[in-house]
Structures are given as C-alpha cells and as structure tokens.
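Listed below are the residues making up each chain.
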Amino acid sequence: MANDGHQRADVDSDRLWRRHMEMAELGATQRGGVNRAALTPADIEVHSRLATWARDRGFTVEIDAYGNQFMRRPGSTDAPAIASGSHSDTQPTGGRFDGISGVLSAVEALEVIDDAGIVTSHPLEAVIWNNEEGTRFSPTNLGSAVYVGTAPADIMLAATDRDGVTMQSAVQTLREAIPWAGSRELGASMAAFVESHIEQGPELEAEGLDIGVVTAIQGTRKFEIEVIGDEAHAGTTPERMRRDAFVDAVRMVTALRELFHDPDDIMRFTVGRFEVSPGALAVVPGRVFFTVDIRHPDDATLARLGDRIEPVCGQTGSRCDVRVTETRRADSAPFEGAVPDAIETAARERGYSYKHMPSGAGHDARYVSEICPSGMVFVPCEQGLSHNERENATPEDIARGAQVVADTLLILDERQP
Ligand SMILES: [Zn+2]
C-alpha cells in the first residue's frame, strides 16, 4: 500500500479546533487573546503537552540547544524528515492562532497519517520553532534562524530577558519540563518544510478563497534613528536658540512618510517606537529615538528607498545631529519548486479554492528555506486582524489548512528523494 501515490488521510476538524481552544487557555488574556512569551511557564506547558501527546503516539521528541522542539513519526527509511510547524509564542497582546495554529496543524497531520496507518519513507516531523515573536529576549532572534546558522547560537543563548534570565537557562527549564526528550543537533538536515499560518492580512477572506499558496516573503530593512539636540529650560529658552530633538524628529518622520508614500500601496513604512527624552513637561527634549521598519517584495525598491533614509534625515533635521543605524536587512525570500507545487496539488485535489500570494510578514519558513525546499500555506483570518487579541478564524478554514498540510507531507514523501 505504501507510496502508491494516492494515500491521503482526513483531518478531524473537531479535535483540531478543541486543541486550538485548549492551547488558547495557556497565557489567556482577559480580552480573549493570548500573552505567551517564549519559554515562559505557559509556553513551556504548550511544549510539554505536545511532547506528551507525541510520546503517547510512540513518536520521538527532540529538543535542540536553542529550544526548538521536534516531534517525529518514523519513516520506513532513515531519510531526513519532511517537517511542518510554526511557533507557539505570541505578542503580549496576541491572538489564539498566530503561530500555534501552524504547530497544531502539523500535529493533526501526523496524527491522522498515523491513524490511517500510512507508511511514509521519510520520517514526518511536527516542529515548534522557539522565540519567533522575539518579545522576551534581547538581542532577539528566531529559533529557525539559529537552527539554520543565520544567527550565531552562542550570542543568542546569552541573550537575556528583563529579569536577567538568559535564553540558555530558559532552554534548560524547558528540558527539565520534558526530561525524557532527546537532543537534536542544530542544523540537522531536513528533506522539506511546510508551514501553515493564518494570513494576517485581509485578502483571502475578502476574495472568499480557502487557501493561499505563498510565493515569497517580502524583504525588510530596519533602522534605529537617534536625534540629538540640547536639553533646555522650557520657560527661558527662546525658540531661535533651541535645538529641540522632538521638533526635528517630527520633521524627519513627516519627510520619511512622504518618501515612502506608494500610490500602489505595496510599500510598508512603520515608525513603531518613538521615545522623547528626558520626557519632562518643562524641558526642551534633548534626544529622540525612533525606529523605522520598511518592507517591499522588490529588493531593488527596498535598496534604493532604504538608502535614502539617512540623507533625508540629515537634510530635514535643521538644528540637531542625527545618527541612523541599520539593525537588520533581509532580501525577499522566494518559495519555489517542490513545496509550493505540492501545496497547490493538495489544494486542487481537495477542491479548495486558492491563489498564489506573497507574505507581508516574516515567518520561520523563510530561514528554514536556507537548508531545504520550503513553502507556506495561508489560511484566511477574520478581517485580516493579527497581533491583536481579537484575532479570529473559523474551524472550517483552520481544518482546510491542516488538511493541505497533511496532504502536502504525503505528496512530498512521494516526490522528494
Ligand atoms: Zn506567526
């Protein structure tokens, strides 16, 4: 029976939804969302419950040095695993689906394939990538980036949270919660990776589509901008003598907003932090710190406009000094070939409506794509809301996403060497 090319297993929509609601209780907020930072007790409880589920199924569980967790159903050969998963951490005012839905879809896929007794030649894995949202540790990085070697493990393990707890000791706490888990080498090879995720945008719902086949993750550049003036007395210092960092910084942000204005509405420009110092009522601000996050699917556009930030700030800040630091730069990452092809086949076989689309947000699959063929499945979410406690999706949409994951794993097992 194995590998005749047409074995499929149907997901259990009720079980999948029940697990979403169960996990949403871990770190639940009063307003119906989830606050579950990486490797806090609530997040470790997610890891622990899923590890126990895997063990009860006779699957193996491994944890790597950075706290990524791998739950593996063996294959008939010792080929590298075909994997699926996402993250379990959330933003402080996050929702019930971002991240965890991709983990639970992978878990459901392994479960129904196991229930159906399908023998795959590759092992199949459900993965929880650690610290995707990056809200607890500084400097922050994604577990997937550390796994593939894009981020240096030693520096990222030494990163601390607000209480001085290192990532290394947080990973140790995870290990102590699941003492029977095996160890996984960072960077151990995979045959392919598929991540399902709520779209976090409004397109699928607006167009009445079931599934998004993700074509690429758009590129991003991130900047920190420091405007330095002089603190002065608010009552005695005449305007002509002021070096007001707030006034100059506002001019800069206005000029940057014009620079990044895009009639086609594809460019994304965000000032997410804006801090005025010393922040006292009667003191002319001597310093402003603000961040700029820009994203665009076209690398040339991102390069050209991103390079204009420093000169525009320099020209606009009439009296203050300005320092522009680029803190992160990533070109857009395409998903091509085996995995998006398999996702499309899966959606078509099931009769789901779908379209190809880029991802506006960053995801773990971007980094995993550096070591193996990768791709993403998008599931519609209500009004495109995400990073919001009101984030919502329907049980039917979630089940269709998990079904595509389950079928994609089997199609890849048939097609991949
Ligand atoms: Zn996410």
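Quick caveat, the model's predicted, so the values are computed rather than measured.

Parameters at a glance
Residues numbered from 1 in each chain as written. Predicted model: local features only at pLDDT ≥ 70, side-chain atom pairs only at ≥ 80, totals over all residues. Heavy atoms only, no water. Axes fitted to C-alpha atoms, helices over the stretch in contact; angles between N-to-C directions. Helix = DSSP H or I, 4+ residues; strand = E, 2+ residues; numbered from the N terminus. Parallel < 35°, antiparallel > 145°, perpendicular 65-115°, else oblique. Left-handed = near helix turned anticlockwise from the far one by under 90°. Contact = heavy atoms within 4.5 Å. Nonpolar A, V, L, I, M, F, W, Y, C, P; charged D, E, K, R; others polar. Donors = N, O, S within 2.8 Å, 3.2 Å for Na, K, Ca; no water. Buried < 20%, exposed > 50% of the residue type's maximum accessible area, 1.4 Å probe, protein only. Domains from an automatic or database assignment. Buried area = accessible area lost by both parts, 1.4 Å probe. Salt bridge = Lys/Arg side-chain N within 4 Å of Asp/Glu carboxyl O. Polar contact = N/O pair within 3.5 Å; in protein donor to acceptor, adjacent residues only side chain to side chain.

## Observations concerning the packing of helix H3 (residues 100-115) against helix H13 (residues 395-415)
Then, in step 1: Running from N to C, H3 and H13 point in directions that differ by 55 degrees, and their axes come no closer than 8 Å. With respect to each other, H3 and H13 are oriented oblique. Here H3 and H13 pass one another in a crossing that is right-handed. Between H3, through Ser101, Ser105, Ala106, Ala109, Leu110, Val112 and Ile113, and H13, the contact on the second element is made entirely by Ile398, Ala402, Val405, Ala406, Leu409 and Leu410.
Then, in step 2: Looking at the contact of H3 with H13 residue by residue, the classes come out as eleven nonpolar, two polar and no charged.

## Focus on the coordination of the zinc ion
Then, in step 1: Around the zinc ion, the donor atoms from the protein are His87 (NE2), Asp98 (OD) and His197 (NE2), and they sit 2.0 to 2.2 Å away.
Then, in step 2: Going along the chain, you hit the donors of the zinc ion in the pattern H-x10-D-x98-H. Here the residue Asp98 occupies a position in the loop between strand S3 (81-87) and H3, and His197 occupies one in strand S6 (residues 190-198), the gap between them amounting to 99 residues. Of the two residues, Asp98 and His197, both sit in the buried class.

## Focus on the domain arrangement of the protein
Then, in step 1: Domain boundaries in the protein define domain 1 (13-218 + 332-415) and domain 2 (219-330).
Then, in step 2: Just the C-alpha atoms count here: the centres of domain 1 and domain 2 sit 35 Å apart.
Then, in step 3: Opposite the eight residues of domain 1 that make contact, domain 2 presents nine residues.
Then, in step 4: Both faces combined, the contact of domain 1 with domain 2 buries some 580 Å², and carbon together with sulfur accounts for 36% of it.
Then, in step 5: Three residues stand out in domain 1 for area buried against domain 2, namely Gln218, Ser332 and Arg366, and they jointly supply 76% of the buried area on that side.
Then, in step 6: Taken together, domain 1 and domain 2 are joined by zero salt bridges.
Then, in step 7: Where domain 1 packs against domain 2, one counts three residue pairs in polar contact (both at pLDDT 80 or more).
Then, in step 8: A breakdown of the residues in the side of domain 1 that touches domain 2 according to their chemical character gives three nonpolar, four polar and one charged.

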